[in-house]
Structures are given as structure tokens and as C-alpha cells.
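# Coordinate inspection notes
Each chain, letter by letter, is given below.
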Amino acid sequence: MATVRWAAVMLRAALIQLSRSRQANRWVVRLPPARSVARRFVPGETLPEAMAEVARLNGTGALVTLDHLGEHVTSADEADAAAQKYVAALEEIAQRALKSTISVKLTQLGLGIDPRLCQDRVTRIVETAHRLGNLVEIDMEESQHTEATLDIYYHLRKTFDNVRVCVQVYLYRTVADLERLWSQGGNLRLCKGAYREAPDIAFPRKQDVDRAFVRAMDQIFSPAAQSTGTYIAIATHDERLINWATDMTDSRGIPRDAYEIQMLYGIRTELQRTLLDRGYTLRVYLPFGTQWYPYFMRRIAERPANLILGLRNLLRR
Ligand code: FDA
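First, a word on what this report is: a plain description of the structure on this page.

Criteria and thresholds
Residues numbered from 1 in each chain as written. Predicted model: local features only at pLDDT ≥ 70, side-chain atom pairs only at ≥ 80, totals over all residues. Heavy atoms only, no water. Phe/Tyr/Trp six-rings, centres within 6.5 Å; stacked < 30°, edge-to-face > 60°. Helix = DSSP H or I, 4+ residues; strand = E, 2+ residues; numbered from the N terminus. Buried < 20%, exposed > 50% of the residue type's maximum accessible area, 1.4 Å probe, protein only. Lys NZ or Arg CZ within 6 Å of the ring centre and 35° of its normal. Near = heavy atom within 4 Å. Polar contact = N/O pair within 3.5 Å; in protein donor to acceptor, adjacent residues only side chain to side chain. Nonpolar A, V, L, I, M, F, W, Y, C, P; charged D, E, K, R; others polar. Patch = residues over 30% accessible without salt bridge, like charges linked within 9 Å, V, L, I, M, F, W, Y side chains within 5 Å. Areas by Shrake-Rupley, 256 points an atom, 1.4 Å probe, with all protein chains shown as cover. Salt bridge = Lys/Arg side-chain N within 4 Å of Asp/Glu carboxyl O. Pairing = 2+ DSSP bridges. Expected span 1.5 Å × (residues − 1). Arc of directions from axis to C-beta. Contact = heavy atoms within 4.5 Å. Axes fitted to C-alpha atoms, helices over the stretch in contact; angles between N-to-C directions. Parallel < 35°, antiparallel > 145°, perpendicular 65-115°, else oblique.

## Structural notes on the packing of aromatic side chains
- Counted by the stated rule, this structure contains 6 aromatic pairs.
- Relative to Phe203, the ring of Tyr172 has its centre 4.8 Å away and its plane inclined at 90°; by these criteria the two rings are edge-to-face. Highlighted residues: Tyr172 in the loop between strand S4 (163-168) and helix H8 (174-183) and Phe203 in the loop between strand S5 (187-191) and helix H9 (206-220), separated in sequence by 31 residues.
- Residue classification places Tyr172 among the partly exposed positions, given a relative accessible area of 35%.
- Pairwise contacts between aromatic rings join Phe41, Trp292 and Phe296 into one cluster.
- Taking the ring centre of Tyr295 as reference, the NZ or CZ of Arg299 above it sits at 4.5 Å.

## Focus on the environment of Ile201
- Mapped onto the fold, Ile201 is located in the loop between S5 and H9.
- The spatial distance from the C-alpha of Ile201 to the C-alpha of Ser143 is 8.1 Å, given a sequence separation of 58 residues.

## Digging into the site of the ligand
- If you check the shell around the ligand, you find 26 residues, and the closest are Gly193, Lys206, Thr236, His237 and Glu302.
- Interatomic distance of 2.8 Å between a backbone N/O atom of Met140 and a nitrogen atom of the ligand.
- Where the shell around the ligand is concerned, the elements lending two or more residues are S4, S5, strand S7 (259-264) and helix H13 (293-302).
- The residue makeup of the shell around the ligand, split by class, is 10 nonpolar, 6 polar and 10 charged.

## A word on a nonpolar patch on the surface
- On the surface, Trp6, Val9 and Met10 cluster together to form a nonpolar patch covering roughly 330 Å² of accessible area.
- Residue classification places Met10 among the partly exposed positions, given a relative accessible area of 40%.

## Some details on the pairing of S5
- Taking burial as the measure, the 5 residues of S5 include 5 buried ones, the bulk of the element.
- The alternating pattern of S5 places Asn187, Arg189 and Cys191 on one face and Leu188 and Leu190 on the opposite face, and all of these are buried.
- Here S4 pairs with S5 via 4 bridges, running parallel. Among the inter-strand pairings, Val165 is bridged to a residue of S5, identified as Leu188.
- Pairing of S5 with strand S6 (residues 231-235), which is carried by 4 bridges, proceeds in the parallel orientation.

## Comments concerning helix H5 (residues 76-95)
- The end-to-end C-alpha distance of H5 is 29 Å, a good match for the 28 Å that 20 residues give at a rise of 1.5 Å each.
- All of the buried residues in H5 are Ala79, Ala82, Ala83, Tyr86, Val87, Ala89, Leu90 and Ile93. Seen end-on, H5 carries its buried residues on one side only, within an arc spanning 155°. Of the residues in H5, the exposed ones pointing more than 90 degrees away from the buried face are Asp77 and Gln95.
- For H5, the elements touching its buried residues are helix H4 (47-59), strand S1 (63-68), strand S2 (100-104) and helix H6 (115-131).
- Positioned one or two residues after H5, Ala97 has a phi angle of 55°, which is positive.

## Remarks on the packing of helix H7 (residues 146-157) against H8
- It is at 12 Å that the axes of H7 and H8 come closest, and there the two elements cross at 5°. On the basis of their axis angle, the class for H7 and H8 is roughly parallel. Between H7, through Thr146, Leu150, Tyr153 and Tyr154, and H8, the contact on the second element is made entirely by Asp177, Arg180 and Leu181.
- Its residues assigned to classes, the contact of H7 with H8 shows 4 nonpolar, 1 polar and 2 charged.

By themselves, these figures tell us nothing about what the structure is for.
Structure representation (C-alpha cells):
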């Protein structure tokens, strides 16, 4: 049993490592079977394709957050182009009266090149969203970017309330971060964490991550945090954690509009339907674009069986 667990941890680490390889990226995106398997998680490469899927999901009662795929850009021009794409997406969402926020990765907006310029770009996006009555969600990436990402979030929150930041419960620092975030009446997304982190930074064992998730929800749903108006998005497909959240909020008399549940496109769709039927607010994270390789590999790392399943489905066609 311990050997199987160890092998699973090593496989996940190897797949996450591979998600950062530019060479593997160039090779995999050219493979038609890989593109077909990726479609389960990334329904389109263009904005019109994504918009059609947002409209379909809205029709089922789900809210959406739209992610224009891309990360770790290496030039200011690429970062500017990404910011422009987000502004265009916000305008399109408003024009079509769709119910969708946007999710941005700060390394796509140049965080790794110049944090100041990244802040300017994300401010432009948040300003546009504010003008259009929308919200910008900031994804959380590798731990070397956590501090800078939170700094930008705090800076934005001085002027804007239409911004949400993701925190990863696998990081040891998150307990302290959450304390500061909720004390300012934040808007937060709680997730387990999808990257490869060292054991002195993050819990290596899944059961410890799950326990940390429960502790984080307990913290955010405490009367003290709720009194500051902190809003929380619970981003997980883990049914036990979702049940824990809904039971606990019901028992504490926390209304259903004080939080939402978020899931990734194409994962546990039957559970998504059940939550909608039960009257919970559900938001689907919908990625689109040509830069799907790292995102796709993280989904495979979370569940390597996805690859086998996807290829088997292809062979059956
Ligand atoms: P867990 O991995 O325990 O999965 C629970 C169950 O869900 C599994 O048993 C399986 O049934 C199903 N499942 C989970 N992943 C699957 C997959 N890939 N394929 C098929 N089934 C799967 N991370 C991050 O570091 N920064 C971020 O900004 C975000 N943002 C974000 C937004 C949203 C809306 C979600 C749902 C998740 C993220 N994440 C993220 C990813 C997150 O950190 C985590 O890696 C995944 O959600 C997988 O963990 P679960 O919480 O689903 O639990």
C-alpha cells in the first residue's frame, strides 16, 4: 500500500515536472490524439467557441469563470497581448449579457518579468471589469509567486472590490495568509493546490492537504470572518469536502449566497448537476485558447487515469 502511494506521488511529480517542459509542450500540442483528449478539459481554442460554451453552461444554471490559457510569458509584448485578450473577453461577456467572471494568471501578465508592469496590466483589466460590473479572479501559481500575487491583490483591493484571489491550502503559509485576507473582508477562492512544491513549503501527503482544507473552511466560515463580509468560493471536486461545507454552513446559519462552489470544466459534471439541482451556486472554470498544454498536464497529474480513459475513448470512435 505504501509502495503504491509512493508510486502515485512520484508519477504526479513527474507529470507536473513535464507540464513545465517547453520541448514536451511543442511535441504534444502537435499530436491530434492529445488535442482530442484535451478537449474534455479545454472546450475551445477561440473566444467565440468559449462564449458558446459559457452560454450553454449559463443555460444549465451554472455561472462561469473564463480563463484565457497562458502562463510564464517571456516578453512584455506577450503580456500586453494577454491583457488585451482579457479586456476583449470582458467586453464580449457584457455585450452578450453572460454570467461569467474571468480568471487570470499573473505570470501571463508578466509577473516573472516585472511585477510593477504586471500590476499595471491587471489594474487595467480590473478597471474594465469594474466599469462593466464584472469580477476578476486571480489564480495562484507556484509558491515563488505567492507573495507577489497577494501583494498585487492587496494593492487592487485598496481601490476595487471586484477582485478575488485564490489561495492554496497545501501551503503551510496559508493559515496566516487567510487570517490577513479575511480580516480585510476579502473575496477568496480556496483550492488544494496544483503545483509541485517542496515538503518544507507544502504538505506532501494528500490526507494532510484535505485536513488543511477543512481547517481553512472552518476559519473562513467562522463568525469573525463572516462578520467582515468575506466571500468564499470553494474550488474542489472532492465530494466529502463539499458536503462538509454545505453541512457546516447550514448548521451555522450561513446563507447560500455567502459562498459558491467552483469546479473545473469537464470534471465531475454529474456532481455539478446535482449541486445545481439542490440550489447551490456553482461556477465552472472554463479554460480556452491554444496554450492548453500545461493546464492539461496538471489535470492529467491529478488523475493519470484521464489519459488512459481519453485514449480508450478515442480508439472506440
Ligand atoms: P482531489 O484531487 O482529491 O479530487 C477529488 C475527486 O475529484 C477525485 O476523486 C476525482 O473523482 C475528481 N477529480 C479531481 N481532479 C480530477 C481530474 N483532473 N480529472 C478527473 N477527475 C478529477 N490550483 C492552483 O494551484 N491554483 C489555482 O488558481 C487553482 N484554481 C482552481 C479553480 C477551480 C475552480 C478548481 C476546481 C480548482 C483549481 N485549482 C487551482 C486546482 C486545485 O488546486 C486541485 O489541483 C484540483 O481541484 C484537484 O483537487 P480536488 O480539490 O478536486 O481534489
